Amino acid sequence: MLNSKLPDVGVTIFTVMSRLAAEHQAVNLGQGYPDFDPDPELLSLVNQAMLAGHNQYAFMPGIAALREAIALKMTQSYGATYHADSDITVTSGATQALMTAILACVHAGDEIIVLEPNYDSYVPAIRLAGGIPVPVALTPPSPSQPTFRPDWDKVRAAITPRTRLLMINFPHNPTGAILNDADLDALERIVAETGIHLVSDEVYEHIVFDGVPHASVARRPALAARSFVISSFGKTFHTTGWKIGYCCAPASMTEEFRKVHQFMVFSVATPLQVGLAAFMANPGHYLDLPAFYQAKRDQLANGLATTRFKVLPSPGTFFLMADYSAISDLPEAEFARWLTLNHGVAVIPIAAFYGDPHAASSNRQLVRFCFAKRPETLDLAIERLRAV
């Protein structure tokens, strides 16, 4: 038997719930992926790239055309200057980028602050690098503040001389929370006072609603200078199965990032990169995304309003949370399983995003719905949920 480096890690809740949904013919609003195809133009561009012979190893950091397209997008979107040659790396999805950033700079015994609830890959990646995760809980919703919010005073208090990184994720999975200018101000003060680095998971950067701009850390030079900014073409262009993303960081940080990247995957699928580079020539493909997903958010939220679920606001991402306390007293994981088996709709328990899921779910009853689905899929789910 191997001596496991992750002895308490099993199959993720996303795999568990998706398998359960498939076994029981449930509508899967759990795992975060679209049930519709990407733009036919993008598929055609990738197919053309294959037929044109772009089928061998790409340059390790990514093909030049795609890195240049990313650099242009970062300038146009956030006023940020990233050099395609030295500051941008194309990765095999955002999860690989997150792992690479952590492995590149975390040493044994380093402390890394994570905001809970958080995506389930963060803590295992930290532990594999020999780091120590330090959770700081987001402030739960209240009558005066209807969404989860970071408490920057608590974050500052958690920083010690051993703190190496602060990991942030906004728009936030699973809560949908977003940052504003005051949050970026607070982050700037923390970085100035402590000199820590940031890993900023911004995979939902183009899925922010109600006319609000995404508050990327790339907007602030003082933050960009100490940040790995990570995003995902899978989330932006409905291609989660392609596993392609990128990391933007200053040259000195990118140099360390690429040292790990070249031995983790070396390079990313060449025809996908060629196709994406051409597709990005039209900024409308990502600028139109907020309206596209806001319509889906509103469809699901309005539908859930006709059920016994209590919907929480979703300012960003393609997720929304709902309180089921009017339906059941079951803990979140048990409720998610019950809902799948008895009413044919799969969701994700929020407790799964905490290091101690039992403690996390003891004082709230929340589940996460994914609305990156076809209108008819959402309608079927809403119909079934009205019977709950």
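The rules behind these values
- Residues numbered from 1 in each chain as written.
- Predicted model: local features only at pLDDT ≥ 70, side-chain atom pairs only at ≥ 80, totals over all residues.
- Heavy atoms only, no water.
- Helix = DSSP H or I, 4+ residues; strand = E, 2+ residues; numbered from the N terminus.
- Contact = heavy atoms within 4.5 Å.
- Polar contact = N/O pair within 3.5 Å; in protein donor to acceptor, adjacent residues only side chain to side chain.
- Phe/Tyr/Trp six-rings, centres within 6.5 Å; stacked < 30°, edge-to-face > 60°.
- Buried < 20%, exposed > 50% of the residue type's maximum accessible area, 1.4 Å probe, protein only.
- Lys NZ or Arg CZ within 6 Å of the ring centre and 35° of its normal.
- Salt bridge = Lys/Arg side-chain N within 4 Å of Asp/Glu carboxyl O.

### Re the environment of Asp 323
(1) Moving on: Among the structural elements, Asp 323 can be located in strand β10 (residues 319-323).
(2) Moving on: Between the C-alpha atoms of Asp 323 and Lys 310, which are 13 residues apart in sequence, the distance is 4.9 Å.
(3) Moving on: With near-sequence residues (within four places) excluded, Asp 323 lies in contact with Arg 308, Phe 309, Lys 310, Leu 312, Gln 365 and Leu 366.
(4) Moving on: Within the structure, Asp 323 has its side chain in polar contact with the side chain of Ser 325 (distance 2.6 Å).

### Thoughts on the packing of aromatic side chains
(1) Moving on: Taken as a whole and judged by the stated rule, the model has 19 aromatic pairs.
(2) Moving on: Between Tyr 119 and Tyr 122, the aromatic rings sit 6.2 Å apart at their centres with planes inclined by 75°, giving edge-to-face as the arrangement.
(3) Moving on: Since its relative accessible area comes to 2%, Tyr 122 is described here as buried.
(4) Moving on: Judged by centre distance (5.1 Å) and plane angle (50°), the rings of Phe 233 and Tyr 246 are tilted. With a gap of 13 residues between them, Phe 233 in helix α9 (residues 233-236) and Tyr 246 in strand β8 (residues 245-248) connect regions that are remote in the sequence.
(5) Moving on: Residue Tyr 246 is classed as buried on the basis of its relative accessible area of 2%.
(6) Moving on: Taken together, the ring pairs in this structure connect Phe 36, Tyr 204, Phe 292, Tyr 293, Phe 318 and Phe 319 into an aromatic cluster.
(7) Moving on: For the cation-ring pair, Lys 73 lies above Tyr 286, with the distance from its terminal atom to the ring centre recorded as 5.7 Å.
(8) Moving on: The ring of Tyr 33 has Lys 373 sitting right over it, with the charged end atom 4.3 Å from the ring centre.

### A closer look at the side chain of His 206
(1) Moving on: Among the structural elements, His 206 can be located in the loop between β6 (197-201) and α8 (221-224).
(2) Moving on: Within the structure, His 206 has its side chain in polar contact with the side chain of Lys 73 (distance 3.2 Å).
(3) Moving on: Ignoring sequence-local partners within four residues, the contact set of His 206 consists of Lys 73, Ser 77, Tyr 78, Thr 236, Tyr 286, Leu 289 and Pro 290.

### Comments concerning the pattern of salt bridges
(1) Moving on: In the structure shown here, the tally under the stated rule is 14 salt bridges.
(2) Moving on: Across the pair Asp 35 and Arg 374 runs a salt bridge, and its minimum N-O distance is 3.3 Å. One end of the pair, Asp 35, is in the loop between β1 (27-28) and α2 (40-51); the other, Arg 374, is in the loop between β13 (366-370) and α16 (375-385), with 339 residues separating them in the sequence.
(3) Moving on: On the accessibility criterion, Asp 35 (25% relative accessible area) is partly exposed.
(4) Moving on: A salt bridge links Glu 205 to Lys 73, with the shortest nitrogen-to-oxygen separation between them at 3.1 Å. Taken together, the residues span a long stretch of sequence, with Glu 205 in the loop between β6 and α8 and Lys 73 in helix α3 (residues 64-78) at a distance of 132 residues.
(5) Moving on: We classify Lys 73 as buried; its relative accessible area is 3%.

Taken by themselves, the reported measurements are silent on function.
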